[in-house]
Amino acid sequence: MEHRQTLTEIAQDMKSFLADKMIPFWLERSIDKQFGGFLTSFDEHGCFDGNGIKNIVTQSRMIWGYSYLLPYAKTDDRDSMKIAAQQGVSFLIDHFYDKKHGGFYWQVKRDGGIMDAAKLTYGLGFAVYALSEYAKTYEDQKVLDIACETFDLIHKYACDTRYGGYYENMENDWSIASIKNGGDRKSLDIHMHILESFTTLAEITKKEIHRRRLKEVLDLIMDHMVNHEHGYGYSQFDTAFQLVPSRSIPRTWNAERGSILADALPDRITSYGHNVELSWLANHAISVLGIDRETYKPVLIKLLNHCLAHGYDYEFGGLYRDGVGNEGVLVPDKEWWQNFEALVGFSNGYLITGNSAYLGAFKGTWDFCKQYFLDFNLGESKELLSKNGAVKIANLGNPWKGIYHTGRALAESIKRIEAIVEKDRVCGG
């Protein structure tokens, strides 16, 4: 088919960018040679901007990246990736791990001193995700044991045995955080990333308890957090999963980037990026569980269709940031992570349905990312653009932005492109 050659060329561009640009960008800059762990704040010139704050999410994501992306690196870089990942794990265990109460702190200073000792399910989930992937790649049972222990602690202290799901914001001693700090809230964002974390752990250990909890969180998301009529994910809930107006909660990307999602906005705020990300993450979880995809497929498709109808920019390509339910765009800016997750979501949608609209959105999003987001000289993505690609925030890294969204999107898109091309070849397309 005509698109086979185009997709093959896109996959080659992605492979080259990963191996020749992105992985070297982070290898050259991210290791904190003075204190250990990772530096992630780099301006548009690739220079460290002095922000050495280290949070559990980004430190874990860097460990994950240096593990999962190993097959995509140049041979000469693979030893360096292993060293980077090893020292990242050491810093995580030495400075984030709470030896008194268990689990991992939310944030430390550059030198490893405690800055915020809170326990957030979001951060704990990413620790499980990263340590599991590291253990798989580098065959380290001790690290996998820590991932399993963290999984157990989440279920000991954060599991809501009344309404289901997980409390998301806790203090250092595992007590539920104040209302101000989100102790009264549950969200699609955090539960979706718990799904992601448990998928990796279950895939590696194959333990029944990990599989069972994965299935529970998958069904909870589908039952409570998605509008099945129109196909979009809700944002925030109370602990009983009743919809509530979205508000900015401390220790989140929305709060730290200065989100306009302030108090009293409608209870139907939706993130187009989360919707397409959920579609492919849920599909991956279903594959790992080995359960019938047809039960969930209508929702996976509706999540993509809603994005095509409301969140995709048919003029310039790419995804808008946020919307209001089925009513249209709320924030027309384009942020890096939503657009890179869309590459995986749309390519995955085409792979499981053959719907050419998803293939068109994939190509349009890639063209936008390639032209406006990616810095082909330095090797990373800018943070925030306007609708037409004008730069609003040019930095290539920040305390929340590392190799994870960009690197993972390219790797996962390559996998799906190769599967599409092989499927076409076998079918004689």
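Reading the values: rules and limits
- Sequence positions are assigned chain by chain, starting from 1 and proceeding in written order.
- The predicted nature of this model means local features are confined to residues of pLDDT at least 70 and side-chain atom pairs, given and counted, to a pLDDT of 80 or more, with totals for whole chains, interfaces and linings taken over all residues.
- The basis for every side-chain value is the complete set of heavy atoms in the structure, and neither hydrogens nor water enter the calculation.
- Ring geometry is summarised as follows: Phe, Tyr and Trp rings, the Trp one being its six-membered ring, pair when their centres sit within 6.5 Å, and such pairs are stacked at plane angles under 30 degrees, edge-to-face over 60 and tilted between the two.
- In this description a helix means any DSSP run of H or I spanning at least four residues, a strand means any run of E spanning at least two, and both kinds are numbered starting from the N terminus.
- Residue burial is assigned from relative accessible area. The probe radius is 1.4 Å, only protein chains are included, and a residue is buried under 20% of its type maximum, exposed over 50%, and partly exposed in between.
- Two thresholds decide whether a charge sits over a ring: the Lys NZ or Arg CZ must be within 6 Å of the ring centre and within 35 degrees of the ring normal.
- Note on contacts: a residue pair is in contact if any heavy atoms of the two residues lie within 4.5 Å.
- By nonpolar core we mean a set of buried residues, namely Ala, Val, Leu, Ile, Met, Phe, Trp, Tyr and Cys, connected to one another through side-chain atoms within 4.5 Å.
- Take the residue count of a helix, subtract one, and multiply by 1.5 Å to get its expected span.
- Polar contacts, as counted here, are pairs of nitrogen or oxygen atoms within 3.5 Å of one another; within protein the pair requires one atom able to donate a hydrogen and one able to accept it, and residues that are adjacent in sequence qualify only if both atoms are side-chain atoms.
- What counts as an axis is a line fitted to C-alpha atoms, over the stretch in contact for a helix, and the angles between N-to-C directions run from 0 to 180 degrees.
- For classification purposes, angles smaller than 35 degrees are called roughly parallel, those larger than 145 roughly antiparallel, those between 65 and 115 roughly perpendicular, and all remaining angles oblique.
- For a crossing to be left-handed, the near helix must be turned anticlockwise from the far one by less than a right angle; the clockwise case is right-handed.
- Residues are grouped as follows: Ala, Val, Leu, Ile, Met, Phe, Trp, Tyr, Cys and Pro are nonpolar; Asp, Glu, Lys and Arg are charged; all remaining types, including Gly, are polar.
- Only one rule defines a salt bridge in this text: a Lys or Arg side-chain nitrogen within 4 Å of an Asp or Glu carboxyl oxygen.

## Here's the deal with the packing of aromatic side chains
- The final tally for this structure, using the stated rule, is 31 aromatic pairs.
- Centre to centre, the rings of phenylalanine 38 and tyrosine 66 are 5.7 Å apart; their planes meet at 35 degrees, and the pair counts as tilted. Of this pair, phenylalanine 38 sits in the loop between helix H1 (2-29) and strand E1 (54-55) while tyrosine 66 sits in helix H2 (residues 56-68); the two residues are 28 residues apart in sequence, bridging distant segments of the chain.
- Ring geometry for tryptophan 64 and tyrosine 129: centres 5.5 Å apart, planes at 10 degrees, overall stacked. With tryptophan 64 in helix H2 and tyrosine 129 in helix H4 (residues 121-138), the pair connects residues that are 65 residues apart, well separated along the chain.
- The exposure class assigned to tryptophan 64 is buried, which follows from its relative accessible area of 1%.
- Ring pairing ties together the aromatic residues Trp64, Tyr68, Trp106, Tyr122, Phe126, Tyr129, Trp253, Trp336, Trp400 and Tyr404, which thus form one cluster.
- The lysine or arginine in question, arginine 61, covers the ring of phenylalanine 126, its NZ or CZ lying 4.4 Å from the ring centre.

## Description of unusual backbone geometry
- Even without being a glycine, glutamate 139 presents a positive backbone phi close to 55 degrees.
- Look at glutamate 139 and you get exposed, because its relative accessible area is 73%.
- Notably, phenylalanine 241 is not glycine yet its phi reads approximately 70 degrees, a positive angle.
- Of note, phenylalanine 241 is situated in the loop between strand E9 (236-237) and helix H8 (253-256).
- A residue is classified by how much of its surface remains accessible, and phenylalanine 241, at 7% relative accessible area, is buried.

## Points about the environment of glycine 125
- Structurally, glycine 125 is set in helix H4.
- If we ignore the near neighbours within four places in the chain, the residues touching glycine 125 are Ile154, Ile194 and Ser197.

## Some points on the nonpolar core
- Ranked by size, the top nonpolar core spans 132 residues in total, and within it Leu195 and Phe346 carry the most contacts.
- Not counting residues within four places of it along the chain, the set of residues in contact with phenylalanine 346 comprises Val276, Leu304, Cys307, Leu308, Tyr312, Leu319, Tyr358, Ala361, Phe362 and Thr365.

## Concerning helix H12 (residues 356-373)
- In a regular helix each residue adds 1.5 Å, so 18 residues correspond to 26 Å; H12 covers 24 Å between its end C-alpha atoms and thus fits that length.
- Along H12, the positions that sit buried rather than exposed are Tyr358, Leu359, Ala361, Phe362, Gly364, Thr365, Trp366, Phe368, Cys369 and Phe373.
- Capping of H12 at its N-terminal end is provided by asparagine 355; its side-chain oxygen lies 2.9 Å from the backbone amide nitrogen of alanine 357.

## Overview of the packing of helix H9 (residues 272-289) against helix H10 (residues 297-311)
- Where H9 contacts H10, the two axes come as close as 9 Å, and the packing angle between them is 160 degrees. Comparing their axes, H10 and H9 come out roughly antiparallel. Crossing handedness for the pair H9 and H10: left-handed. Contact with H9, carried on its side by Tyr272, Asn275, Val276, Leu278, Ser279, Ala282, Asn283 and Ile286, involves Leu300, Leu303, Leu304, His306, Cys307, His310 and Gly311 of H10 and no other residues of that element.
- Classifying every residue of the contact of H9 with H10 gives nine nonpolar, six polar and no charged.

## Regarding the side chain of arginine 247
- Within the element layout of this structure, arginine 247 appears in the loop between E9 and H8.
- With relative accessibility at 14%, the residue arginine 247 sits in the buried group.

## Side note on the pattern of salt bridges
- Tallying each qualifying case throughout the model produces 23 salt bridges.
- Salt-bridge contacts for glutamate 327 lead to arginine 268; the nearest nitrogen and oxygen are separated by 2.4 Å. Here glutamate 327, found in the loop between strand E11 (322-324) and strand E12 (328-331), pairs with arginine 268, found in the loop between H8 and strand E10 (269-271); they are 59 residues apart in sequence, far enough to count as distant.
- Glutamate 327 sits in the exposed class, given a relative accessible area of 57%.
- Here glutamate 341 and arginine 408 are joined by a salt bridge, their closest N and O atoms 2.8 Å apart.

## A word on helix H5 (residues 141-157)
- With 17 residues, H5 ought to run about 24 Å at 1.5 Å a step, and its terminal C-alpha atoms sit 24 Å apart, in line with that.
- Taken as a whole, H5 has its buried residues at Val143, Leu144, Ile146, Ala147, Cys148, Thr150, Phe151, Leu153, Ile154 and His155.
- Looking at the buried residues of H5, the elements they touch are helix H3 (75-96), H4, helix H6 (188-205) and helix H7 (208-224).
- The N-cap of H5, judged by a side-chain oxygen 3.1 Å from the amide nitrogen of lysine 142 a few residues on, is aspartate 140.

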